[in-house]
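Coordinate inspection notes
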Amino acid sequence: MSKIIPVRNPRTGQYDYELKTTDVHSLPAIAAELRSHHADWVALGLEGRLKVLNAWRVEVEKARGAILDAVVADTGRLIESEKEMQRLPASIDRLAIMAREVFAERTLSLRSMKGVEVHGGLSPFPLVGVISPWNFPLSSSLLDTIPALVAGCTAIVKPSEITPRFVEPLLETLRKVPEMYAVLRYVNGDKEIGEALIGQVDAICFTGSAATGQKVAEAAGRAFIPAFLELGGKDPVIVTASADIDKAAAGILSGSVANAGQVCVSLERIYVDRKIAESFVEKLVEKSQQLKLAYPTLKDGTIGPIILERQAHAINQHLNDAVAKGARIRCGGLVEQRDGGWWASPTVVTDVDHDMMLMTDETFGPIMPVMVYDTIEDAVQLANDSTYGLSGAVFSGSSEEGLGIARRMEVGAVSINSSGLGTAAIGEGDFHEKNAFKQSGLAGSRLGYDSITRFMRKKAYLIQN
Ligand code: NAD
């Protein structure tokens, strides 16, 4: 049975959209249909698949206005919604370059052993499931999906029920390219359909919270399929005494407030050398106060609303807990309600320590807690004192010192003298591979060559001559 989920508008607080969920009992038939197209999809070869993906890209471009409007309504922000739209074509181009290298290399035949000819083969999973979150609804639903399609898999995506408006206009574009619609479907719903999806596919890609990731991993274990998990973070940044203070404040601010802090790789813990701490905080406060909320209209400023109401309460809980334990708010403050939406200004907090939720739990808001350290040893120890290990950053006057510190950080990617360089958000690069450490994720890299090869089982053909 399908059901109706009322969907909240993050700018107005009104429930102005109804999501009709996919009937969970229809999932096996959808899965069977996709599987029936798998052999043809593989037979098309890489160039054939890229041609279909590019035909779809043309349809997405034609429907750009409708999809963008839907993403904006889902999230309440404009700038990041435009960036989400740009990522689809960029990712197809990038993956085409990498996939050509991957397929050329792996299918080479080579001779080895005495009289035995060895050929390498790649066998894509027939059907991959993708479960995605609300903070970048469009791009996170496609981040694992496009590499899986390029690899030769078919895919079912279950996006977040919090931000589902973009699905209908996107589905329209899929229907216009029948070869695409044959291999990619979106299904709508909440955890019920997410759970059911795991039982229908050969591998599951999950992006979301660590708590749900644990449940997905357990369900995948029971289904005996691989789970590729990209979970939450509490990214640290270390600022050394030799850092350019102005550059560090600017870089950290942009790495903390993009998408109103609703980014898995947001910088959420700032460790600064005592010698420069006060001037750094002054600079960070000054720059924070120059930023404006995108309120009352979308184009008024750069910082959009907090998308999920529950998250607004979580941010305030972290701030209240910190203040009760002695922290000082230097600018910004609690998340406030305006016209039904929840809005958070860039907030700098000092006098924090690791007894506060603000320094241990994922806050997911534009909040910048600054903690002072005396030695690099202490800084590294504090940065690594976390259950998360997604990514991080270092600002230093010398890139050698920065790299030395970065090597000791227990995270998958470290930006030096910048922020967020390790994520898909940079758009053009992403040829690098990176893993999520600790409870930030499990298995394979979603970027670089591994973003494709992780969907293909390796085979060997051994011919006795
Ligand atoms: P969430 O875990 O609540 O939900 C994510 C998705 O899982 C949704 O589609 C939801 O419907 C589905 N789901 C919920 N319970 C399920 C279950 N038992 N089985 C299967 N599916 C289930 O996460 P969220 O609140 O939507 O997203 C925010 C989180 O995502 C943050 O922690 C953020 O850091 C993380 N995130 C991580 C990355 C990354 O690359 N590491 C990127 C974006 C967001």
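Residues numbered from 1 in each chain as written. Predicted model: local features only at pLDDT ≥ 70, side-chain atom pairs only at ≥ 80, totals over all residues. Heavy atoms only, no water.

1. Considering the overall build of the protein
What counts here: Strands here are runs of E lasting at least two residues and helices are runs of H or I lasting at least four, both read from the DSSP assignment and numbered beginning at the N terminus. Only the C-alpha atoms count toward the radius of gyration. The rule for a globule is 2.2 Å times the residue count to the power 0.38. Note on classification: 1.4 Å probe, protein chains only; a residue is buried when its accessible area is under 20% of the maximum for its type, exposed when over 50%, partly exposed between these limits. Only heavy atoms enter the contact rule, under which two residues are in contact if any of them lie within 4.5 Å. Each accessible area is a Shrake-Rupley estimate made with a 1.4 Å probe; only the visible protein chains count as cover when residues are assessed. In this charge count, Lys and Arg are treated as positive and Asp and Glu as negative; neither His nor the chain ends contribute. Where a charge lies is defined by one atom per residue type, namely NZ (Lys), CZ (Arg), CG (Asp) and CD (Glu).
A tally of regular secondary structure across the protein gives 18 helices and 22 strands. Computed over the C-alpha atoms, the radius of gyration of the protein is 23 Å, within 12% of the 23 Å expected from 2.2 N^0.38 for a compact globule of 465 residues. With the principal axes as the frame, the protein shows a C-alpha extent of 70 × 60 × 40 Å. Within the protein, buried positions represent 57% of all 465 residues. Residue pairs in contact within the protein that sit at least 24 positions apart in sequence constitute 71% of those at least 6 positions apart. Accessible area of the protein: about 19,100 Å², with a carbon and sulfur share of 54%. With 49 positive and 57 negative side-chain charges, the protein shows a separation of 4 Å between the mean positions of the two kinds.

2. As for the nonpolar core
Quick note on the threshold: Among the buried residues, those of types Ala, Val, Leu, Ile, Met, Phe, Trp, Tyr and Cys that are joined through side-chain atoms within 4.5 Å form a nonpolar core.
Of all hydrophobic cores here, the largest spans 55 residues; its most connected members are Ile238, Val239, Ile270, Phe280 and Leu284. Looking at this core, the element that brings in the most residues is helix α13 (residues 274-290), giving six residues. Ignoring anything within four residues of it in the chain, the contact list for Ile238 reads Tyr271, Tyr373, Ala379, Val380, Ala383, Ala393, Val394, Phe395, Ile405 and Met409. The next biggest cluster of nonpolar side chains, apart from the first, holds 54 residues, and it includes Ile67, Ala70, Val71 and Val157.

3. Looking at α13
Put simply, the rule reads: Between the first and last residue of a helix there are one fewer steps than residues, each counted as 1.5 Å, and that sum is the expected span. Bending is quantified residue by residue as the angle between axes fitted to the seven-residue window ending at that residue and the seven-residue window starting at it.
Relative to the 24 Å expected for 17 residues at 1.5 Å per residue, α13 spans 25 Å between its end C-alpha atoms, a close match to the ideal helical length. The principal kink in α13, of about 25°, is found at Phe280. When we look at burial in α13, the residues that qualify are Ile276, Ala277, Phe280, Val281, Leu284, Val285, Lys287 and Ser288. Buried residues belonging to α13 abut β10 (235-239), α12 (245-257), β11 (267-273), β12 (328-331), β15 (347-350) and β16 (367-373).

4. Some details on the pattern of salt bridges
Applied cut-off: Whenever a carboxyl oxygen of Asp or Glu lies within 4 Å of a side-chain nitrogen of Lys or Arg, that contact is scored as a salt bridge.
Under the defined criterion, the tally for this structure stands at 29 salt bridges. Between Arg8 and Glu309 there is a salt bridge, with the nearest N and O atoms lying 3.7 Å from each other. Taken together, the residues Arg8 in strand β1 (residues 4-8) and Glu309 in helix α14 (residues 309-324) connect sequence positions 301 residues apart. The class of Arg8 is buried, set by a relative accessible area of 9%. Residue Glu410 is joined to Lys438 by a salt bridge in which the shortest nitrogen-to-oxygen separation is 3.0 Å. Placement of Glu410 in the loop between α17 (399-408) and β19 (413-416) and of Lys438 in strand β20 (residues 437-438) is noted, with a sequence separation of 28 residues between them.

5. A look at the sheet that holds strand β9 (residues 227-230)
Stated formally: Think of it this way: DSSP has to see at least two bridges between two strands before they count as a pair. The axes are straight lines fitted to the C-alpha atoms, using for helices just the contacting stretch, and the angles between their N-to-C directions are given from 0 to 180°.
Pairing within the open sheet is mixed, and its six strands lie in the order β7-β6-β5-β8-β9-β21. Taken across any chain shown, the strands that pair with only one partner, and hence form the sheet edges, are β7 (184-186) and β21 (441-442). The pairing of strand β6 (residues 154-158) with β7 spans three bridges and is classified as parallel. Looking across to β7, one finds that Val157 is bridged to Tyr186. Docked against the sheet, helix α11 (residues 210-223) engages β8 (203-207) and β9, running at close to 175° with respect to β8.

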